[in-house]
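Structure assessment
Residues per chain, in single letters:
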Amino acid sequence: MPKAMKSDSAMDIHHRPQDSNGSNAIMIGNKSPKPRGKTKQLPSRMRILLSCIFLFTSLNLVFLFRFEFTSSKEIGFSSPFVSQRESNAETKTHSSRKDSVKAVFKDRNASQRDKQQESSIRAASILSDYSPNRIPGFLPDSNSTYFGYVMREFSQRILSRKIASSNVLVVSRDAPNVLSMIDSRDDNWDEDELRRDIGYTVAGGFVLHARKQGHRVHALNLPHSDNRNREGTEAIRTLDQWWESFPVNATDKRNDASSTISTASHAPQMPRPNWILLAVFDPGAGHEDALLNSSSVEKFITEATVTYIVFKVQVTMTTSGGMEAIRTLLDHNYKVQILSMSHFPENNEYRSNTIIDKQNLHIFLPMARKQIMIKGGLFQAFMFATQGLDLAVPSRRDFIDMIELQRQNQDHVIPVEKVDGVPYINCAKFNHGRYRNISTVEFRPDLKGTKLPKGRGKRSFLKNAKVSCFGKDMTQILANYDKFEFWFSGDSVAESEALCIALNCDKIAQSPKYVKHRKREVARDVACITRILRKKTVDAFHTPLIPQASIALNDNRKLTGRVNEDVKKPATINKSVNLASSPPNLLVLMIDPISRARFDQSLPKTKQILSRLQFYEFKNYTAVGDNSGPNQAALYSGHPLLHRDGVATHTSKNSSDSIKWLWDELRDTSNYATLKAEDGCISNSNMVQSIQPNVSHGHELQKIFCFDFYRPNCVGYKMAAEHLTSYAKEFITQYSSSSEKQPWAAFLSFIDAHEDTGTLAGTLDNSLSDFISDFFSDNYGDANNAIVAVLSDHGLHYGSYFQTTQGLAERAQPLLHLKLPYSVMRKKVHGVKIRSNLMKNRGKWTTPFDVHATILHAMFGAKFSQMRSPTGKSLLSPLPNGRDTCQTTKEIPDRFCETFDYLVNAVVSDREGGRNVKIAPSSLHAEMPSPPSILSFFADLPPNRQRKNEPCYIGNVPSATDLYSGITFAQVSLKTNTPCSCSTSHRTWYECYHHPWSYEPKKKEHFCMIECPGHGVYLEVNVTKDDELVDRVKKISSSRSLAEDKAVPKRNPPNILFIEVDSVSIAYADRHFPKTRELLKQHRIHYKHENADNGEQKMECLDGLCAADFTHFGVTGPNSITNQVSALAGCISSPPNKMCAGCIPNKMTKSCWECVASPPDDICNGCVKDKLRLIKVRENFSTTWCTIPDDDTDDENSLLYNITTGKHNPWLLNIAKAEGYVTLFVEEFCFNGSPYVTQNNYFPLDADIEAHRVYCSLVQRKREKKNEPAPDDYLWGNEDIHDACIDGKKGQDKQKIPLDYIRQMWEAYNDVPKLAFLNAIAAHDYSISWASMTISARRYDDLMYNFLKEMMARKDADNTIIVIRSDHGLQDGPTIMEYSTQVEHGRPWTEIIVPQSLNGMHLEALEGNQDRLASGFDLYRTLREAMTTMPSDETITEMTNINSAIITKSIPSWSYNLFTSNIPKSRTCYDARIPLELCRNEIERRVIAPNYGGCNLFDEKMTRFCPNQSNSTKTINKN
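My aim in this report is to walk through the structure given alongside it, one point at a time. As the structure is a computational prediction, the values presented were derived from the model and not from experiment.

Some points on the overall build of the protein
Across its full length, the protein holds 48 helices and 49 strands. By the burial criterion, 59% of the 1519 residues in the protein qualify as buried. If you sum the accessible surface of the protein, you get close to 62400 Å²; carbon and sulfur atoms cover 50% of it.

Next comes the structure, spelled out in structure tokens:
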């Protein structure tokens, strides 16, 4: 081990703990120990100056205290700084004031107690009444933390990673009790019920979920003294004590993933859990640092593999718990991020995924205390720590350069079709330019005579390095510089292969930027460099980087038993075997982990290079284990792993028949120089530790990746992969030089893909493709004599996508691209050229065992390969017939083959229809959970600690009284001599001198707006009964009376209130509409015991109003139009000229009425088989197809007219008129001229009341003020739809306007049936700011909650159907690149409130359909049949130009009535006419993997994210 550097003087140099590989890290800063001896005195002038400052400060403090205490005399305070006269005066009145002071404080304390009690009651109400999936992480005015949105999503995502012997450690006061509660219940315990029983605690939630997922749970109550082992001999107070209490060498070899272990009282006989997937620390207040500090956790955190850690930080104005825990984890190379937080700063700098490191830790604490001062309460945060690259909450946007994307493309659409289309964040730009390419460090010879300035000690380590800033050598200056970090990998700089420095170049160079901002350091400049020091002998092995540990795995299959028992030992190798005179070199490029499909998506440039260089791609290359251990062991040793302790170090030089790693084999057999390294800082993984690579190079490089990490995977301003490829290039060059040529083997592992957003893999593309291209083009490594393998060990094996069947399959589908030198390719095996064998083997099923055998075959011949790699089969030889299928390839675990078959068998060919129909049995309807979302961070925040939601300021808006009386008009006329401006629903803006309705109310005008100079905009909504509408209803009622003579049952048509909240998924509604969701939950259908004796049950609902929650409602298209067309007209939409393009002539008219599906799998593809008659209604941004009755004989032109404007018009609002309804239609913006709405583009609106004109008047006024008049029919796009108030931040709340319309309509027409449609855009916010996206939605939740309570309390609620639904989830803007958004897009929020007494409704059908696959077509049928009261009548047809009977027959035949019919459990998306790219069923869905945007065939720029039609079916080989 290298010696620690010594200092000859009291220099400010502090040594970090010495690295295990002997590297040295030197910190030079201000934390040096105090120098011994006499303290040096300050100069006299300095002492005088400091004395003056102190005196001045003291006098100011005296004055401030005097001012404060003098001004406080009113409430009886006395101050020693008050004069004697004032003090005597106060003494006289002190007694009289004493009682009043007590009363003041008593009232104040009582008020505070009342507030606290009120908050406690509110918190208790939420905890007792809310559904478990809507409990937030933090409650208002509460110091408790809960298992909220972020934690639920986090546990679902992390604990899905199930590998043999996975352990979860939970340290909390309640953890042991929760585990005991689980053990005391049967196997069918309900997780939600238990969460409620334990009070939704964080630790309890993790215990419950970990146990349910089958992990072994270790529950501890630390650091309390009551933790004694079962023998009661010793109190366990620290994690190190718990760790050491296990028996020595007793490690976990079991493979029962379903068993759990409670260590509330530790059992010494239990095996030590070497690998802990997740450790959660939620101790009591004041103990946050007691668990995770260097003195109590050192041994545990060093020896155990702890993949993820969650711990709490708690801050008050005087205390800070958790800061020491952060420092401890940072010292052990963990990356610490914010997971959830109780307060949100307005500057947006702190949210989920914000990294907390040594550079910004000192800012985090003041930020927390500032939030306490501003928003009150106790500051709490849960932090996430890992040595890997995972984010606390997966988010692509954290790895994308949003500024560059916005500069190039205002739509934030990533051009993935381009090779360099994804604008990944680069290291220099991340964190506001924290790292800059202005500093460099270089190796240089130790120049004799080089001297460093005196005064700071002898910094001899700088003699062999050159440090530059802004291109200028700063090495000499550093000798007197007081703050920088310097690291080198060896005993000295001269003997090191890696070197790093961190400093502030602005400060050291005294740049203008630093001089201007002298009080703060503006940046941290980091530079690293690597080199190869050629070894004199290859036998001079180095001490391994990491202490010895080993791994093994049991695949529960053919490879059971120990290696030495089941695998025949190879024969002793004769070292004198005649090997090739010039053995080929070897280059292995491992991407850990990535599947073939994700490689093609994320590394297109590398894929092109491999194709151009004619690499052989093996399309059925399959993993042999769940994670890296078994797959890399198979690749590098040729032998299977049986359990986590079944692989020895294999480094014995004396035993020729021991199992060896490939690098050992190459060194011992043919004197290869070897390199093995990976570009990540993972120092505690027993998978990494087990391999123990005794290689010539690589171990010195490893610590460079721990020196100064930042995102995306950076060391300073360079990607970690660039450091690795530069090091490898130097290695290859050194050992390929003609003078000292030596065979070499390089094993490079890139772990950038080891995170579950699927983004960082793409950052490898440039580095990897350039490295491969340079290797072959420059030929610096004798590429013509090299075996090159580009491969991965497995696909991603955790995260949201892994929870799908497709993700599960991709875990076992790694990539393999292989290229061999011509000297190997020209040879023959059994008379057949190797090239020919490789071509045939590309389609065979292969494994890592085969790659190991292939490498040995290519280097040393077939016999050597067979002896050393008995499990694998060389790809240079013909593979046996058993490799034609997965099932007959014995090295592949059965569970992998079963997953492949599961996907393949879900695709059934239907030759009659000429299509592939994906038939999913009922068991396939299970959906993946909604992926974690950054928006959950904001849902967890209490309302008073989020970004402020400013209410509309009424201010100087005149009152209705002043306007009707004319006072306001008169005042304005006198002051400004300028008239006011008025506008109504039927009159545009005009000069006015009185209220438009002051003399005679206009019955048809339903709003008026008045703006007077110096005043805000006044808005009045006044919906009154229109006599003409009432006459129309009466005529239809008369016709209904006549129909009774025809034996048509009389029905009272229900009111229909249709509220569509745009862009809200179910998960979004749970997060941001919790009050509304909880209100509706109270009215869920439930059973009651009708007869206790016979057990009969009857369904009922609260107050007779049933709220059905349709949890499997699907979308009929990606945008609003497609979903409104289906729900409001029962019609199908398709992209223009892309689907349903063909037709079959009708036999009667020879016109194209029947669509033909082209290509297959489209939603219209049932036209031919099912004999559906669809007619193209309108083609704009989409093509609309509507059904027509079979008995209609009109010619095509007449039919097209009637279905768009005449008697066949299926538009729901027009149908309502035929049924005697008064109709209202409102969108919360002015859509005049918009091509993105259904009304007036595909069907004429023609509603009785069109309330969107309010917003059009506002747009007109805005344009007039700018002297930009616009025609009334094209006002769309000229308003900010997210302005909360009608006049910017002033005036009435815009969201209240439509609700006021509905209230007044229900009052005005209380005796006639009504249909109101409202499209609310509160959630239609696609802004770039996470914090801004949900502000409007949170405000609308309050409005919706109160509005629905009011409507459900009305007398006519028992005859009103209320539909609350969304058209789709978020589907545009930068958020669409998030996986959560892509999945939620097809899961719209849909609930229907139905009176239990509604005529004809079957409560059992409604209850059963809630979890069935439904769509807008079903909703259309339901509403149509609910409002239809009679057959066709000439009177109605003449009056409304609509034939009700014909329209009734043309309701889509594939739809179901949600109130009366039972939707089949086996219904597929194809059956429901749901586009397969948006299907909720993961088996049917064309694409479910994460992408950089959502598939939208109706938007040209979004089609790039759709799968190619040729790739729409699964590519797995069924054989």
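Description of the nonpolar core
Within the largest apolar cluster, 152 residues are counted, with the highest numbers of intra-cluster contacts made by Leu239, Phe300 and Phe311. Ranked by residues supplied to this core, first place goes to helix 43 (residues 1335–1352) with eight residues. Listed in part, the 53 residues of the second largest apolar core include Ala502, Phe599, Leu603 and Leu768.

Details of unusual backbone geometry
Among all residues save glycine, negative phi is the norm, and among peptide bonds the norm is trans. Note the cis peptide between Asp592 and Pro593, where omega equals -15°. Mapped onto the elements of the fold, Pro593 is located in the loop between strand 17 (585–591) and helix 18 (596–602). For the bond from Arg711 to Pro712, the omega torsion is 5°, close enough to zero to count as cis. Following the sequence through the fold, Pro712 ends up in the loop between strand 20 (709–710) and strand 21 (714–715). The backbone phi angle of Arg1473 is positive, close to 60°, even though this residue is not glycine. Inspection of the secondary structure assignment puts Arg1473 in the segment after helix 48 (1444–1449). A relative accessible area of 5% means that Arg1473 is categorised as buried.

Considerations on the pairing of strand 10 (residues 379–386)
Most of strand 10 is tucked away, with eight of its eight residues classed as buried. Of the two faces of strand 10, the one holding Phe379, Ala381, Met383 and Ala385 and the one holding Gln380, Phe382, Phe384 and Thr386 are both buried throughout. One ladder, built from seven bridges, connects strand 6 (residues 305–315) with strand 10; its direction is antiparallel. Residue pairing in the sheet places Val313 in a bridge with Ala381 of strand 10. Relative to strand 10, strand 8 (residues 335–341) is paired through six bridges, and the arrangement is antiparallel. Bridge pairing in strand 10 links Ser340 to Phe382.

Details of the sheet that holds strand 30 (residues 980–984)
The antiparallel open sheet is built from four strands, whose spatial order is 31-30-32-33. Each edge of the open sheet is held by one strand with a lone partner, namely strand 31 (990–992) and strand 33 (1018–1021). Adjacent strand axes in the sheet meet at a mean angle of 30°, parallel and antiparallel pairs treated alike. Helix 40 (residues 1253–1265) rests against strand 30, strand 32 (1007–1011) and strand 33 of the sheet, and its axis sits at about 25° to strand 32.

Observations concerning the sheet that holds strand 21
The sheet built from three strands is open, its strands ordered 20-21-22 with antiparallel pairing. In this open sheet, the two edge strands, each paired with only one partner strand, are strand 20 and strand 22 (718–719). Where strand 20 meets strand 21, two bridges bridge the pair, whose relative direction is antiparallel. Counterpart to Phe709 in the pairing with strand 21 is Val715.

Structural notes on the pattern of salt bridges
All chains considered together, the criterion is met by 57 salt bridges. A salt bridge links Glu324 to Arg327; its shortest N-O distance comes to 3.8 Å. Of the two residues, Glu324 and Arg327 are both situated in helix 10 (residues 323–331); the distance of three residues between them amounts to about one turn of the helix. Its salt-bridge partner being Glu1011, residue Arg1261 comes within 2.7 Å of it at the nearest N-O pair.

Rules used in this analysis
Note on numbering: residues in each chain are counted from 1, in written sequence order. Given that the model is predicted, a residue must reach a pLDDT of at least 70 before its local features are reported, and side-chain atom pairs must reach 80 or more before they are shown or counted; all residues, however, enter totals for whole chains, interfaces and linings. Side-chain measures here rest on the full set of heavy atoms in the structure, leaving out hydrogens and waters. Numbering of helices and strands runs from the N terminus, with a helix taken as a DSSP run of H or I at least four residues long and a strand as a DSSP run of E at least two residues long. Throughout, exposure labels follow a simple rule: accessible area from a 1.4 Å probe, protein chains only, divided by the maximum for the residue type, with under 20% read as buried, over 50% as exposed, and the rest as partly exposed. Using a 1.4 Å probe, the Shrake-Rupley method yields the accessible areas, and only the shown protein chains count as cover for residues. Note on terminology: a nonpolar core comprises buried Ala, Val, Leu, Ile, Met, Phe, Trp, Tyr and Cys residues joined through side-chain atoms within 4.5 Å. The pairing criterion is simple: DSSP has to find at least two bridges between the two strands. Think of each axis as a best-fit line through the C-alpha atoms, taken over the contacting stretch in the case of a helix, with angles from 0 to 180 degrees between the N-to-C directions. Contact criterion: two residues are considered in contact whenever any of their non-hydrogen atoms come within 4.5 Å of each other. Salt bridges are counted wherever a side-chain nitrogen of Lys or Arg sits within 4 Å of a carboxyl oxygen of Asp or Glu.

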